[in-house]
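The primary structure of each chain is shown beneath.
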Amino acid sequence: IIPVACFIPYMLLDFLDMRNKALKLAACNLPSIVVFRTIEAMMDTAPTKVVEASIQNYMAYYTTMVPFHWDEITGKRRKISGAELSLSIFRIAVTFHLLSL
């Protein structure tokens with residue numbers, strides 16, 4: 001899996017003749033995540049035991065690039081509240097504004 005994950009994105013870049021640097025970066029970022037998640041699964045070093053509690057949690061963790069926060073008590077992904085979401089958007093907007101000065 002690891003050699004295939006490293007080789008396929010570059011084949012796709014050549015096949016699709018991609019020239020946009022942002023798309024190239026996005027296409028080549030996925031293999032590194034796949035490689036690290038594969039090694040993590042092989043070495044049994046999941047961040048919490050909740051990931052391996054059910055097949056749905058296992059698939060959700062190892063097939064997405066989104067970092068989840070797991071609730072140890074319920075064994076499910078913790079959902080973000082409206083206040084946390086608005087705070088995150090505010091922080092991103094302030095950072096963007098400060099960096100654009």
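Because the structure is predicted, anything quoted here is derived from the model rather than measured. (Residues numbered from 1 in each chain as written. Predicted model: local features only at pLDDT ≥ 70, side-chain atom pairs only at ≥ 80, totals over all residues. Heavy atoms only, no water.)

A cluster of nonpolar residues, Val 4, Ile 8, Leu 12, Phe 15 and Leu 16, forms a patch on the protein surface that exposes about 520 Å² of accessible area. By the element assignment, Val 4 lies in helix 1 (residues 2-16). (Patch = residues over 30% accessible without salt bridge, like charges linked within 9 Å, V, L, I, M, F, W, Y side chains within 5 Å. Areas by Shrake-Rupley, 256 points an atom, 1.4 Å probe, with all protein chains shown as cover. Salt bridge = Lys/Arg side-chain N within 4 Å of Asp/Glu carboxyl O. Helix = DSSP H or I, 4+ residues; strand = E, 2+ residues; numbered from the N terminus.)

As enumerated under the stated definition, the model contains three aromatic pairs in all. Centroid distance Tyr 58 to Tyr 62: 4.6 Å. Interplanar angle 55°. Geometry classified as tilted. Of this pair, Tyr 58 and Tyr 62 both sit in helix 3 (residues 55-62), four residues apart, roughly one helical turn. A relative accessible area of 32% means that Tyr 58 is categorised as partly exposed. The class of Tyr 62 is buried, set by a relative accessible area of 15%. Ring centres 5.6 Å apart and planes at 70° place the aromatic pair Phe 68 and Trp 70 in the edge-to-face group. Through a chain of ring-to-ring contacts, three or more aromatic side chains come together here, namely Tyr 58, Tyr 61 and Tyr 62. In this structure, Arg 37 is placed above the aromatic ring of Tyr 61, and the distance from its NZ or CZ to the ring centre is 4.2 Å. Between Arg 77 and the ring centre of Phe 68, over which it is positioned, the NZ or CZ distance is 4.8 Å. (Phe/Tyr/Trp six-rings, centres within 6.5 Å; stacked < 30°, edge-to-face > 60°. Buried < 20%, exposed > 50% of the residue type's maximum accessible area, 1.4 Å probe, protein only. Lys NZ or Arg CZ within 6 Å of the ring centre and 35° of its normal.)

On to unusual backbone geometry. You will see that Asp 17, though not glycine, has its phi angle at about 55°, which is positive. Structurally, Asp 17 is set in the loop between helix 1 and helix 2 (21-42). Of note, Asp 44 is a non-glycine position whose phi angle comes to about 55°, a positive value. Relative to the elements of secondary structure, Asp 44 occurs in the loop between helix 2 and helix 3. Classification of Asp 44 as partly exposed rests on a relative accessible area of 44%.

Tracing the chain through its elements places Lys 79 in the loop between helix 3 and helix 4 (82-99). Relative accessible area serves as the criterion here: at 73%, Lys 79 is assigned to the exposed category. With 10 residues separating them along the chain, Lys 79 and His 69 place their C-alpha atoms 8.2 Å apart.

What follows covers the confidence of the model for the chain. Per-residue confidence for the chain gives a mean pLDDT of 85, with 99% of residues at or over 70. For the chain, per-element mean pLDDT is lowest for helix 2, which scores 82, and highest for helix 4, which scores 94. (pLDDT = per-residue confidence, 0-100.)

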